[in-house]
Amino acid sequence: MRVTALTTRWTPWRFVTAFGVVSLLSDVVYEGARSVIGPYLATFGASATVVGLVTGAGEATALAGRLATGPLADRTRAYWPLVLVGYAVTMIAVPALGLTTALWLAAALFVAERAGKAIRGPARDVMLSHAAAAVGRGKGFAVHEALDQAGGVAGPLLVAAVLAATAHNYRPAFLALAVPAVAAMLLLLWLRAGVPDPRRFEPGPRPGAAPAPPGGRLPRVFWTYLAFTAVTTAGYATFGVLSFHLATRHVVPVAVVPVVYAAAMGVDALAALASGWLYDRAGVRVLAAVPVLTALIPLAAFTTTPATAVAGVLAWGAVLGIQESTMRATIADIVPAARRGTAYGIFAAGLGAATLVGGLLTGALYDYSITAVIVTVAGIQVVALALFLAIVRPAT
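Residues numbered from 1 in each chain as written. Predicted model: local features only at pLDDT ≥ 70, side-chain atom pairs only at ≥ 80, totals over all residues. Heavy atoms only, no water.

As named in an unreviewed UniProt entry, the chain is MFS family permease, taken from Micromonospora purpureochromogenes. The chain has a UniProt comment under Subcellular location (unreviewed entry) that states "Cell membrane". (UniProt positions renumbered as here; feature names shortened; annotations may be inferred.)

See below:
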């Protein structure tokens, strides 16, 4: 088998798990920061519209930037250099947020952190897709996402603890994240030394896998899938807007906001595992849950009743878990390996543009009317469901 070319101690599952631990540590860093970015920007006088714009632009950078880094990964096969540089940018930018004194600088560092994700994202996903091919793509991406979101739980809780201990002082909270940042980089270097070429994990073409289209074009189903993902995400609020609501409407105390985010990350992990296992058994049909849950988020999250608002945020976490696991796994099954980096880049670009629209749209509508948010998002998800049916019907 091709896997025997690797040292025997590096099995596909061990690679997926080790990379998951790297993501766990890095999530402690950037999810810890993201859990309070809305209230933090508000301390500089930012409005909901500005918060929506900054967080939407950050997510758009994280995703749309892959339009360049995805093809770069395919052309150069420099997966590890891209991953190392991308993680390094993020691990530097987040602690630096603790040293900012102006809104523009805080916004720039937040976007820079997201740019680091754009640099590493396609290369990381391609490497994971090779290892996950040997264990089940749904399960492989789901386990990685679950470990990733364990850090998504720990980071906000760490930030919450520091905020509570320092009377809501954000500076030490951000600086404390430098410790897991260093640990993540050291572990990543160790993983690079152990598995220099994860492509060897790929066992070969799977029965029913998408053949390479003529001229190296991406399959038609990929574009339909991208349209569905972009439309449903265009109605998906960023956590910056959700946390702005929780803090400024005094739904929960400021120190509790990152705890709510941590709970959402826990739901994210559970949703990733559940949808990943279901995907390996039932296929793309499991993604029907995404537009349904997305339509329910503003209906619950933008209330002033704490339990209902928190339930809405948990639904937000469930959608994120499916986006970050099963939606990524699907790309590897509908696109040939030689074009996978490009596909991940284009997919992320569309997702990023839609995220920018979602952040700005929900933020602006929130400033105008919460009812307008609810009605608009519901209408968007009806369109998304129609596109989803266009993906499912050819397979039935």
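Caption draft 1: Layout of the overall build of the chain. For the chain, the count of helices and strands is 17 helices and 0 strands. In terms of C-alpha radius of gyration, the chain reaches 20 Å, essentially the compact-globule figure of 21 Å for 396 residues. Dimensions of the chain along its principal axes, counting C-alpha atoms only, are 60 × 45 × 30 Å. Sorting the 396 residues of the chain into buried and exposed places 58% on the buried side. (Helix = DSSP H or I, 4+ residues; strand = E, 2+ residues; numbered from the N terminus. Rg over C-alpha atoms; globule rule 2.2 N^0.38 Å. Buried < 20%, exposed > 50% of the residue type's maximum accessible area, 1.4 Å probe, protein only.)

Caption draft 2: Structural context of the packing of helix H3 (residues 48-64) against helix H11 (residues 239-248). It is at 8 Å that the axes of H3 and H11 come closest, and there the two elements cross at 150°. In terms of their interaxial angle, H3 and H11 are classed as roughly antiparallel. The handedness of the crossing between H3 and H11 comes out as right-handed. Contact residues: Ala48, Val51, Gly52 and Thr55 in H3; Gly240, Val241 and Phe244 in H11. Classifying every residue of the contact of H3 with H11 by side-chain character gives 4 nonpolar, 3 polar and no charged. (Axes fitted to C-alpha atoms, helices over the stretch in contact; angles between N-to-C directions. Parallel < 35°, antiparallel > 145°, perpendicular 65-115°, else oblique. Left-handed = near helix turned anticlockwise from the far one by under 90°. Contact = heavy atoms within 4.5 Å. Nonpolar A, V, L, I, M, F, W, Y, C, P; charged D, E, K, R; others polar.)

Caption draft 3: Spotlight on the nonpolar core. In terms of nonpolar packing, the biggest core is built from 115 residues, with Phe19, Phe222 and Trp316 touching the most fellow members. With near-sequence residues (within four places) excluded, Phe222 lies in contact with Ile331, Ile334, Val335, Ala343, Ile346 and Phe347. (Core = buried A, V, L, I, M, F, W, Y, C linked by side-chain atoms within 4.5 Å.)

Caption draft 4: Structural context of the pattern of salt bridges. Scanning the model with the defined rule gives 7 salt bridges in all. Note that Lys139 is salt-bridged to Asp280, the shortest N-O span being 3.3 Å. Of the two residues, Lys139 is situated in helix H7 (residues 137-165) and Asp280 in helix H12 (residues 257-282); the sequence distance between them amounts to 141 residues. Here Asp280 falls in the partly exposed class, since its relative accessible area comes to 29%. With a shortest N-O distance of 3.0 Å, Arg199 and Asp197 are connected by a salt bridge. Linked by salt bridges that have partners in common, Arg124, Asp125 and Arg328 make up one network. (Salt bridge = Lys/Arg side-chain N within 4 Å of Asp/Glu carboxyl O.)

Caption draft 5: The arrangement of helix H10 (residues 220-233) in detail. Under the 1.5 Å per step criterion, the end-to-end length of H10 is 20 Å for 14 residues, consistent within 8% with the ideal 20 Å. Where H10 is concerned, the buried positions are Phe222, Tyr225, Leu226, Phe228, Thr229, Thr232 and Thr233. Viewed along the axis of H10, the buried residues span an arc of 165°, placing them on a single side of the element. Against helix H13 (289-301), helix H14 (306-324), helix H15 (326-334), helix H16 (340-368) and helix H17 (370-392) lie the buried residues of H10. (Expected span 1.5 Å × (residues − 1). Arc of directions from axis to C-beta.)

Caption draft 6: Just helix H5 (residues 79-96), in detail. Here H5 contains 18 residues, and its C-alpha end-to-end distance of 27 Å stays within 8% of the 26 Å for a straight helix at 1.5 Å per residue. Of the residues making up H5, those classed as buried are Tyr79, Trp80, Leu82, Val83, Gly86, Tyr87, Thr90, Met91, Ala93, Val94 and Pro95. Elements in contact with the buried residues of H5: helix H1 (12-34), helix H4 (66-76), helix H6 (103-132), helix H8 (170-175) and helix H9 (178-194).

Caption draft 7: A look at the packing of H15 against H16. Interaxial distance between H15 and H16 falls to 10 Å at its minimum, and their mutual angle equals 140°. On the basis of the axis angle, H15 is oblique to H16. The two elements H15 and H16 meet at a crossing, and its hand is right-handed. Between H15 and H16, the residues in contact are Met327, Arg328, Ile331 and Ala332 and Arg340, Ala343, Tyr344 and Phe347, respectively. For the contact of H15 with H16, a count of residues per class yields 6 nonpolar, no polar and 2 charged.

Caption draft 8: Focus on the environment of Arg192. Its location among the elements puts Arg192 in helix H9. It is 23 Å that separates the C-alpha atoms of Arg192 and Lys139, two residues lying 53 residues apart in sequence.

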